[in-house]
Amino acid sequence: MLVCSCFAVNDRTLRGVIESGARDTGDVGDVCAAGTGCGGCLDEIEELLTDHLRVRPVVPSV
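First, a word on scope: everything that follows refers to the structure included in this document. Keep in mind that what you see is a predicted model, and the values were worked out from it rather than measured. (Residues numbered from 1 in each chain as written. Predicted model: local features only at pLDDT ≥ 70, side-chain atom pairs only at ≥ 80, totals over all residues. Heavy atoms only, no water.)

As for unusual backbone geometry
- Backbone geometry at Ala-8 places phi at a positive 50°, although glycine is not the residue there.
- As for its position among the elements, Ala-8 is in the loop between strand S1 (2-4) and strand S2 (9-10).
- By relative accessible area, Ala-8 is classed as exposed at 59%.
- Positioned with a positive phi, Ala-33 is a non-glycine residue whose angle comes to about 75°.
- Inspection of the secondary structure assignment puts Ala-33 in the loop between helix H2 (25-32) and helix H3 (42-55). (Helix = DSSP H or I, 4+ residues; strand = E, 2+ residues; numbered from the N terminus. Buried < 20%, exposed > 50% of the residue type's maximum accessible area, 1.4 Å probe, protein only.)

This is the structure in structure tokens:
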């Protein structure tokens, strides 16, 4: 499903970016530009980030 229409980024791409280590919308934008245009997709990107972090919480390194 297309999430970011400004840069034609779909949910599969976003999940991959998040799985690769993106922790906020700025990280996502740095990798694939999603969320850096009109901003209409930021809520959905935040939701994907939240869902991912809920399933795989970030464990701080010691």
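Right, picking up where we left off after that structure.
Remarks on the pattern of salt bridges
- Tallying each qualifying case throughout the model produces two salt bridges.
- Across the salt bridge formed by Asp-51 and Arg-54, the nearest N and O atoms sit 3.1 Å from each other. Of this pair, Asp-51 and Arg-54 both sit in helix H3, separated by three residues, roughly a single helical turn.
- Residue class for Asp-51 comes out partly exposed when judged on its relative accessible area of 32%.
- A relative accessible area of 60% places Arg-54 in the exposed class. (Salt bridge = Lys/Arg side-chain N within 4 Å of Asp/Glu carboxyl O.)

Digging into the environment of Asp-30
- With respect to the helices, strands and loops of the structure, Asp-30 is situated in helix H2.
- Here the alpha-carbon distance between Asp-30 and Glu-47, two residues 17 residues apart in the chain, equals 18 Å.

Focus on the nonpolar core
- Ranked by internal contacts, the top residues of the largest apolar core, which has 14 residues, are Val-9, Leu-14, Val-28, Cys-32, Ala-34 and Ile-45.
- Setting aside chain neighbours within four positions, we find Leu-14 in contact with Val-3, Val-9, Val-28, Cys-32, Ala-34, Ile-45 and Leu-48. (Core = buried A, V, L, I, M, F, W, Y, C linked by side-chain atoms within 4.5 Å. Contact = heavy atoms within 4.5 Å.)

Some words on the side chain of Asp-11
- Along the polypeptide, Asp-11 turns up in helix H1 (residues 11-19).
- Among the residues examined, Asp-11 registers a relative accessible area of 16% and is labelled buried.
- Within the structure, the side chain of Asp-11 is placed 2.6 Å from the side chain of Arg-15, a separation counted as a polar contact.
- Those residues in contact with Asp-11 that lie beyond four places of it in its chain are Met-1 and Val-3. (Polar contact = N/O pair within 3.5 Å; in protein donor to acceptor, adjacent residues only side chain to side chain.)

A short note on the side chain of His-52
- Among the secondary structure elements, His-52 is positioned in helix H3.
- Once residues lying within four places of it in the same chain are set aside, the contact partners of His-52 are Ile-18, Glu-19 and Arg-23.

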